[in-house]
Amino acid sequence: MTYSAENNRVAAIHDSMFRGFFVISGGGSGLLERLLCVPGASRTVLEAEIPYSPASMRKFLGRMPERFCSEPTARQMAAMAWRRAVEDAKTPKQVFGFSLTCVLATERPHRGEHRAYLAWQTLEETRSYALLLDKTHSRQDEEAQVCDWAEQILGECCGVLPETTPWATRQVAEPGWQQVQSGAAPWVLQAPETLGEREILGIFPGSFAPFHAGHRKMRDVAVAMLGGEVALEIAVLNVDKPPLDYVEMAVRGEPLREYPVFWTGLPYFEQKAEHFSGKTFVVGTDTIRRIADVSYHHGEPVLLEKSLRRFADLACRFLVFGRWDGERFVSLSDLNLPPLLQERCVEVPESVFRNDVSSTRLREQSLGNAIP
């Protein structure tokens, strides 16, 4: 059988032994057709999804992205795709998540640029790429250009084509990060040399995206109240957010070099308690509310009570800071918590700490100043 040059490239991709989950939105789905039309596609394509509508994208990521066509969203899509690929393949080795999100010509004109973002996620690294398109071209021409570009990058990432396409971001994973992502270790500690032999008494969980003055003040207050070191904790896996990719981990971790930071694969508080028994968790009233919410325990009061009893068995406590809920400042004393949880909590008075800055608001302000 004689193949065209394009089919030969695809055949080489199929022979690379890399397998992955493809997620494509807004354009570029012709790449899947190219892959599936060449024998051997089952060696490359584990699964594919096309979340075109906002509802389907929300379902895929677990939350609505801040922007549908952006480099960070492409990375989130690829990270989620990699998770799905690992589930399908039953191994993290030679498995990838591949994402493509586009804004292409439609029947109504776009105010912003026509563009595409592509991301590649494996156990070892995260890469992203960006393509700016000429708005004077037809939808068909843009689709062909995006598919050519995506096919080239897929070949490069699979190691069957020379790496000639410039990437937007790339982060090779630290060994500890790989262990957490693969599930080989529940956590890894990023610690400054100044930590020395000081015992870590408190765990401050958060996304820290970005880490701001309010976080810094909370940690300082917690250190003073607990009389010992407080480590930050960033969960790579989350209950209602996309998993973190390595570029995102590097971005969040860099400003935190002066603090001990646990990177974990522990999305649930009961899991955190199991691995950090005897510690005090530094939380806001919004978080302690979620811990007490039966809906976070599959709607089963028995499971909620079991979880709360487990906190007591593991000698875990909660240092609770007040939070602005959009209408008023809410302190621990304003909440009606189950007695099992209430007795594990210590309130930080408003007179000691109050800061209404939120990471979400800071990200919104940053996006407002960014080019779409």
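From a predicted model like this one, the values you see are computed outputs, not experimental measurements.

**Some points on the sheet that holds strand β15 (residues 345–348)**
Thought 1: Spatially, β7-β10-β9-β8-β11-β12-β15 is the arrangement adopted by the seven strands of the open sheet, whose pairing is mixed. Each of the sheet's edge strands pairs with one partner strand only, and the pair in question is β7 (187–190) and β15. On average, adjacent strands in this sheet sit at an angle of 30° to one another, irrespective of strand direction.

**Structural notes on the environment of F311**
Thought 1: Checked against the element boundaries, F311 lands in helix α11 (residues 301–313).
Thought 2: The exposure class assigned to F311 is buried, which follows from its relative accessible area of 1%.
Thought 3: Along the chain, F311 and G278 lie 33 residues apart, while their C-alpha atoms are 9.1 Å from each other.
Thought 4: Not counting chain neighbours up to four residues away, the residues in contact with F311 comprise F269, E270, A273, I291, C316, F318 and R344.

**Quick word on the sheet that holds strand β2 (residues 45–49)**
Thought 1: One open sheet holds the six strands; their spatial order is β2-β1-β3-β4-β5-β6, and the pairing between them is mixed. Because the sheet does not close on itself, it has two edges, and the strands there are β2 and β6 (169–172). Across the sheet, the mean angle from the axis of one strand to that of its neighbour is 10°, orientation sign disregarded.
Thought 2: As judged from the seven bridges shared by strand β4 (residues 115–121) and strand β5 (residues 125–132), these two strands associate in the antiparallel manner. Among the inter-strand pairings, A119 is bridged to a residue of β5, identified as S128.

**So, unusual backbone geometry**
Thought 1: A cis amide bond links A209 with the next residue in sequence, P210, at an omega value of 5°.
Thought 2: Tracing the backbone shows P210 in the loop between β8 (200–205) and α7 (213–226).
Thought 3: In this structure, M17 is a non-glycine residue whose phi angle is positive, near 75°.
Thought 4: Secondary-structure assignment places M17 in the loop between α1 (5–14) and β1 (19–25).
Thought 5: For M17, a relative accessible area of 47% puts it in the partly exposed group.
Thought 6: Located in the positive-phi region is K90, a residue other than glycine, with phi close to 65°.
Thought 7: Among the secondary structure elements, K90 is positioned in the loop between α4 (71–89) and β3 (95–103).
Thought 8: We classify K90 as exposed; its relative accessible area is 74%.

**Here's the deal with α7**
Thought 1: The end-to-end C-alpha distance of α7, which contains 14 residues, comes to 20 Å, matching closely the 20 Å that a straight helix rising 1.5 Å per residue would cover.
Thought 2: Regarding α7, the residues found buried are G214, H215, M218, R219, V221 and A222. For α7, the angular spread of buried residues about the axis comes to 165°, placing them on one side.
Thought 3: G227, located one to two residues past α7, shows a positive phi value of around 70°.

Calculation rules
Residues numbered from 1 in each chain as written. Predicted model: local features only at pLDDT ≥ 70, side-chain atom pairs only at ≥ 80, totals over all residues. Heavy atoms only, no water. Pairing = 2+ DSSP bridges. Helix = DSSP H or I, 4+ residues; strand = E, 2+ residues; numbered from the N terminus. Axes fitted to C-alpha atoms, helices over the stretch in contact; angles between N-to-C directions. Buried < 20%, exposed > 50% of the residue type's maximum accessible area, 1.4 Å probe, protein only. Contact = heavy atoms within 4.5 Å. Expected span 1.5 Å × (residues − 1). Arc of directions from axis to C-beta.

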